[in-house]
Amino acid sequence: SAITINKNFAEAFLNRGFTNKMLGNYTDAAADFKNAVLLMPDNAKAHNALGNVRVLFSDYDEAIKDFTLFSLGAIGNTVSVSACHFMGLSVFSSSF
């Protein structure tokens, strides 16, 4: 695989994370998204993906951090609305 050849191929981690998430392998998806964020800290899509998986694990505080970084990276882009939506859901869910 591309990751075996190049451990710094951030897009490969991101894409594998999406595949793992679709297959229901949420722990593996989280690990892939974390690697993508480490390799591409300014990539809004990677932060959003990680935040979404963290919500599945009820890790709302960390999800809020990811969605905040996602929204900062998406300023001027319509995806920032999505970040605000998920951030709001995470704040709401963490209060219970």
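Everything that follows concerns the structure shown earlier in this document.
Below is a summary of the structure that appears in this document. Bear in mind the structure is a predicted one, so any value in this text is a computation, not a measurement. (Residues numbered from 1 in each chain as written. Predicted model: local features only at pLDDT ≥ 70, side-chain atom pairs only at ≥ 80, totals over all residues. Heavy atoms only, no water.)

**Considering the overall build of the protein**
Formally: Segments assigned H or I by DSSP are reported as helices when at least four residues long, segments assigned E as strands when at least two residues long, and all are numbered from the N terminus. Relative accessibility under 20% of the residue-type maximum defines a buried residue, over 50% an exposed one, and the middle range a partly exposed one, all with a 1.4 Å probe and only protein chains included. Contacts are assigned to residue pairs that have any heavy atoms within 4.5 Å of one another. Every accessible area reported is derived by Shrake-Rupley at a probe size of 1.4 Å, with residue values counting cover from the shown protein chains alone.
The helix and strand inventory of the protein stands at 6 helices and 0 strands. Taken from the N to the C terminus, the helices and strands of the protein come in the order α-α-α-α-α-α. With 96 residues in all, the protein has 39% of them scored as buried. When contacts within the protein are restricted to residue pairs at least 6 apart in sequence, those whose partners lie at least 24 apart make up 38%. Element-wise, carbon and sulfur atoms account for 60% of the exposed surface of the protein, whose accessible area totals about 5,700 Å².

**Quick notes on the packing of helix α2 (residues 10-22) against helix α4 (residues 44-56)**
The test is simple: Angles run from 0 to 180 degrees between N-to-C directions of axes, and those axes are lines fitted to C-alpha atoms, restricted for helices to the stretch in contact. The scheme is simple: roughly parallel for angles under 35 degrees, roughly antiparallel for over 145, roughly perpendicular for 65 to 115, oblique for anything else. The crossing is said to be left-handed when, going from far helix to near helix, the turn is anticlockwise and less than a right angle, and right-handed when the turn is clockwise.
Closest axis-to-axis distance for the α2/α4 pair is 11 Å, and the angle between their directions is 30°. Classified by the interaxial angle, the pair formed by α2 and α4 is roughly parallel. Handedness of the α2/α4 crossing: left-handed. The segment α2 lies against α4, with Leu 14, Phe 18 and Lys 21 engaging Lys 45, Ala 46, Ala 49, Asn 52, Val 53 and Leu 56.

**Regarding unusual backbone geometry**
For Ser 58, which is not a glycine, the phi torsion comes out positive at approximately 60°. Checked against the element boundaries, Ser 58 lands in the loop between α4 and α5 (60-73). Residue Ser 58 is classed as partly exposed on the basis of its relative accessible area of 46%.

**Some details on the packing of helix α3 (residues 26-39) against α4**
The description of two helices packed together rests on the angle between their axes and the distance between the axes. We apply this condition: Note that Gly is not counted as nonpolar here; it falls among the polar residues with everything else outside the nonpolar set of Ala, Val, Leu, Ile, Met, Phe, Trp, Tyr, Cys and Pro and the charged set of Asp, Glu, Lys and Arg.
At their nearest, the axes of α3 and α4 sit 9 Å apart, and the two run at 150° to each other. Taken together, the axes of α3 and α4 lie roughly antiparallel to each other. By crossing handedness, the relation of α3 to α4 is classed as left-handed. Across from Tyr 26, Ala 29, Ala 30, Phe 33, Lys 34, Ala 36 and Val 37 in α3, the residues of α4 making contact are Ala 46, His 47, Ala 49, Leu 50, Val 53, Arg 54 and Leu 56. Per-class residue counts for the contact of α3 with α4 are 11 nonpolar, 1 polar and 2 charged.

**Quick notes on the nonpolar core**
Quick reminder of the rule: What we call a nonpolar core is a set of buried Ala, Val, Leu, Ile, Met, Phe, Trp, Tyr and Cys residues that are connected through their side-chain atoms within 4.5 Å.
Ranked by size, the top nonpolar core spans 13 residues in total, and within it Leu 14, Phe 33, Ala 36, Met 40, Ala 46 and Val 53 carry the most contacts. Secondary-structure elements contributing two or more residues to this core are α2, α3 and α4. The contact partners of Ala 36, leaving out residues within four places of it in the chain, are Ala 10, Phe 13, Leu 14 and Ala 46.

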